[in-house]
Amino acid sequence: MKTLYSWLKDFVDIDVPPEEVAYKLTMAGLEIEEIEEIEDDYILDVSIPANRGDCQSILGVAREISALFNAPLKLPDEPRLKEVEEGIDIEVASPELCPRYTLRFIKGVKVGPSPDWLKKRIESVGIRSINNVVDITNYVMWMLGQPLHAFDADKISEKVIVRRAYPGEKITTLDGESRNLTEEILVIADKRHPIGIAGVMGGEDSEVSLFTKNVALESACFDHISTRGMSKVLELRTEASVRFEKGIDINMTKLASDIATEMIVKLCGGEVGKISEFYPVEYKPCSIRFRPERFSKRIGINPSYSEMRDVFFRLGFKVEEHINEWRVTPISARRDISLEEDLYEEVVRIIGYDKIPSILHERITGVVSTSPAWEKRKILRRKITSLGCSEVITSSFVPVQFDKYFREFYADDISSISVINPLREEESVLRWLLSQSLLSLAINNVRWGYNDFNLFEIGKIFFKDGESFMEKEHLGIVQSGRIIYSWDKEVNASFFSTKGLLEKLFKHELTFVPAYYSVLHPGRTANILYRGKVTGFIGELHPDVARILKLPRIYIAEMDVDEFPLELFSVGQVKEPSRLPKLKRDIAIVVPETLPSVEVTSILEEVFKDTLEDYELFDLYKGPNIPEGTVNLAFSLNLRAKDRTLTQEEVEEKIELLKNKLADIGGRLREW
Amino acid sequence: MSSMELELNNLRSEALKEISSINSLDNLREIEIKYLGRKGVLNQLLKELSTAPLEERPELGGIINQIKLEIIREIESKRTLLEEREKAKKLEEERIDVTLPGMNISPGRLHPLTLIIERVEEIFRGLGFTVVEGFEMETDYYNFEALNIPWYHPARDTQDSFYITDKFLLRTQTSPVQIRVMEKTKPPFKIIAPGRVYRRDQPTARHSPVFHQIEGMAVDKDITFAHLKGTLDAFAHALFGSDVSTRFRADYFPFTEPSGEFAISCIFCKGKGCRVCSYSGWIEILGCGMVHPKVLEVGGIDPEEYSGFAFGMGWDRLAMLTYNINDIRFFLENHPEFLVQF
Ligand SMILES: [Zn+2]
């Protein structure tokens, strides 16, 4: 809200540069975003916190300045108005939404342009000048925080009724919009129809124009909750509605009306008529307990009683002191203060936050442990980056075109989640797999001219399982192009480069089973099982899909990290290194090429049992030297017994056994 | 000198001549075999010695052995020479252009948001905090109601939400974690809760509909605002250096009372005023305050017995400040040229 420095000074007696005022206000919670110098004055743009309805006026800001600088506040005088016997009846049919309503009749005004000083003042704070009557209502609203509305009294039929709109009623508001009304809208109506939307905007019909002779000046207090609701429903926010929403000082309503009335008859002529008022229950602020000892225990400072008392006095609050417990009564404008802690804030705000010392609290340990998911993520991140894969963090929204991608990962009754009110229709779907996000990123990478990438993301995915909304943490990997390269050699991304990452990360605890995903290559896709449960998948993007998306060969893998215990990733039971020699043995096995290699390795494991420390497939050969339809698998075995040196004879015995087993699956050991 | 002696002398000079003229290790090996082999010339001579007169044998034998030793010595020194020469030749052949570029083995890099949170986590862990996490899909209750933000509260205006159903939404702040922790945990505790949040804002350089926050909370008997200041001062000094100044000013949040806003002296202009700090010399880092008594009550904690502080900061913003990045959208865009710099 823009304020004028000279205008503030009308209400508070200070003699300091505006910068100092701006600084103190900012530190006390009313941030001054800008000081603009104009002619012989300054404009201070105050940003008002949501709870400080009382500061939505020159008077309110001046009150803060008065408290901060301990300078006297000059409240406006109550005008003495000479009234003639003429008025307009009012009826408040919805008192729950309108605790106070006043309507002043003013007779015989001359509507015209405002005097220059008035025009200048309101324009400097950003209000458009319309005519003298309307300008005065805006001027007083800005000054005192009480929204006012002037009707052309001759357009009012019989009396004014504050009531909920009837279904089907319509009104054309001052902005020229025709609006359909519902029962949740509070209207100001006459005998025939609505003439304004309460607290939001007046109607076009009853607008004050150059031909207006008699004015009905409304000053009222509307419920902040319902005003906010109406403003939302109508998608209409005005200076008035904003003030009602944050809450106005209900005890200012009549005074504001009187001050505006006095100005109108002074500047526009006419006679003051009667004021009709509805205010059945006068609002009196309640006193609040304040315990100085507890204040010190919560804030960490010990101001003297007189310092604290002084703060309340400067704010205009009343203080009753009892032993250990005071009763403090705020002014009626300060509806934000209802709890003891609210009073604490007032004290520290005025004394200054800089007066509070800076003290480290002692450590508290072992009560809440850090989330295992967090620790797991950290370990995974460190491991996977050490393998050359780089991290990305993408949006949770995925392009709608990828909505059903990788559908096969989930059971049929699981569905993706969309937001009801997206910013853009094409970004309404929450990802149910990171692969969707990574695919989207791959498209961007290629468009930006980057065909080589090796990326991962660890993040949340979302889906709906029956009626429950599920969030899980996944790991996604996408690889394409060259992974390692130089002018003399290169390693390209492949199914196996991606698989290798997973094997290293998940310590070879995974099983890969061929699987079908419509967007993946039918011959190069697998589900990944951990302890017999599908926890992920891996595959090459289907060439048809790649062509449509203008992508090169892309390899994607995704794992449900939540399914893996933290222990899998941490250091397990440490084994003592063996000092016995390792026996290295290379063997070549020829098997039908349709046989999955896992059948061969499981035989190796079975035959050599615990003497097989580890093994490596170091060559795979198909070609003229072996029969057609077979493949030669060359393994390098590391053999070692835990308790003795393994003999050549023992190994040969096992090799004989291996030969027999291989024969069962149609394979044979190939002699060198 | 006997004819035998003469013959030996000739043999010696012939052998030495032959050795000196040799140019390859292979030829040297041939010569070695020729003279020193089991059936070589010298062994043959030693055998033939038996035919010589008995009294001459020792002397002739001595001469033969002497020649043998001499040949061995010559061959060995020749071998060393040839081996050196061959090695030198091989090394020369293996010469490479050391100015050619090396192999491109890229390290896996962490995302800048990760780099920042790891630093933040380390700092707060050192201060006795632990890390907890919450849900990104929250109910209206946890995201607003429980945090003292009823449906009509004006604070909702700045937190326009993405709704999934009329009750479920994407959390607009990490603060719901406060409630979830209090519901489960008896004080004392100190937690930070980093995570993703969502607001229905048009993406601009400063706002992203998907962004990240770090929530913090400590609850114990006798926690004061001074402890909040101490904690945040320690944090700011650890993250931005001990030479930054810090400032607290009053602010408003529905779930803290009193509330404050925490700023550091501008790290770009050292407080003199620049574009980043809007010429104020200060950069706002976070909002904070003492946990509102109503919020403690909602969490099942008696505000007469316990007190606590809480704070919340923009994680992306912290990264923007640390790396002097002007556009928040870079983080989720993941352009390779952006990421490669971290
Ligand atoms: Zn600066």
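Note that the structure is a prediction, hence the values are computed from the model and not measured. (Residues numbered from 1 in each chain as written. Chains lettered and ligands numbered in written order. Predicted model: local features only at pLDDT ≥ 70, side-chain atom pairs only at ≥ 80, totals over all residues. Heavy atoms only, no water.)

Comments concerning the overall build of chain A
Working step 1: Counting secondary structure elements, chain A contains 18 helices and 33 strands.
Working step 2: With the C-alpha coordinates of chain A rotated into their principal frame, the extents come out at 125 × 60 × 50 Å.
Working step 3: Among the 672 residues that make up chain A, the fraction classed as buried is 56%.
Working step 4: Relative to all contacts within chain A whose residues are 6 or more apart in sequence, the contacts with residues 24 or more apart total 70%.
Working step 5: As presented, chain A carries roughly 31200 Å² of accessible surface, and 49% of it is formed by carbon and sulfur atoms. (Helix = DSSP H or I, 4+ residues; strand = E, 2+ residues; numbered from the N terminus. Buried < 20%, exposed > 50% of the residue type's maximum accessible area, 1.4 Å probe, protein only. Contact = heavy atoms within 4.5 Å. Areas by Shrake-Rupley, 256 points an atom, 1.4 Å probe, with all protein chains shown as cover.)

Focus: the interface of chain A and chain B
Working step 1: Between chain A and chain B, the residue contacts involve 88 residues of the former and 100 residues of the latter.
Working step 2: Where chain A abuts chain B, roughly 7900 Å² becomes buried across the two surfaces, and 58% of that area is made up of carbon and sulfur atoms.
Working step 3: The tally of links between chain A and chain B comes to 8 salt bridges.
Working step 4: Note that Asp222(B) is salt-bridged to Lys297(A), the shortest N-O span being 3.3 Å. (Buried area = accessible area lost by both parts, 1.4 Å probe. Salt bridge = Lys/Arg side-chain N within 4 Å of Asp/Glu carboxyl O.)

Quick notes on the domain arrangement of chain B
Working step 1: Its domain assignment divides chain B into domain 1 (3-93) and domain 2 (112-339).
Working step 2: For domain 1 of chain B versus domain 2 of chain B, the separation of C-alpha centres amounts to 91 Å. (Domains from an automatic or database assignment.)

Here we look at helix 5 (residues 112-126) of chain B
Residue and element names in this part refer to chain B.
Working step 1: Taking 1.5 Å per residue as the helical rise, helix 5 with its 15 residues ought to reach 21 Å, and the 22 Å between its terminal C-alpha atoms agrees with that figure.
Working step 2: Taken residue by residue, helix 5 has Pro112, Leu113, Thr114, Ile116, Ile117, Val120, Glu121, Ile123 and Phe124 as its buried positions.
Working step 3: Trailing helix 5 by a residue or two, Gly128 shows a phi angle of about 95°, which is positive. (Expected span 1.5 Å × (residues − 1).)

Here we look at the sheet that holds strand 14 (residues 271-278) of chain A
Residues and elements named next belong to chain A.
Working step 1: Strand order in this open sheet of 4 strands is 6-13-5-14, and the pairing throughout is antiparallel. Of all the strands in the sheet, the pair left with one neighbour each is strand 6 (148-152) and strand 14. Each strand of the sheet is rotated relative to its neighbour by a mean of 20°, with strand direction disregarded.
Working step 2: In this structure, strand 5 (residues 100-107) lies alongside strand 13 (residues 215-221), joined through 7 bridges in antiparallel fashion. Across the sheet, residue Tyr101 finds its bridge partner in strand 13, namely Ala220.
Working step 3: Against the sheet, helix 8 (residues 253-268) contacts strand 5, strand 6, strand 13 and strand 14, and its axis sits at roughly 15° relative to strand 5. (Pairing = 2+ DSSP bridges. Axes fitted to C-alpha atoms, helices over the stretch in contact; angles between N-to-C directions.)

Here's the deal with the sheet that holds strand 2 (residues 31-38) of chain A
Residue and element names in this part refer to chain A.
Working step 1: With antiparallel pairing, the 3 strands of this open sheet are ordered in space as 1-3-2. Each of the sheet's edge strands pairs with one partner strand only, and the pair in question is strand 1 (2-4) and strand 2. When the angles between neighbouring strand axes are averaged without regard to direction, this sheet yields 25°.
Working step 2: As defined by bridge partners, strand 2 adjoins strand 3 (residues 41-47) across 7 bridges and the pair is classed as antiparallel. The partner of Glu36 across the bridge, within strand 3, is Ile43.
Working step 3: In this fold helix 2 (residues 18-27) packs onto strand 2 and strand 3, with an angle of close to 165° to the strand it touches most, strand 2.

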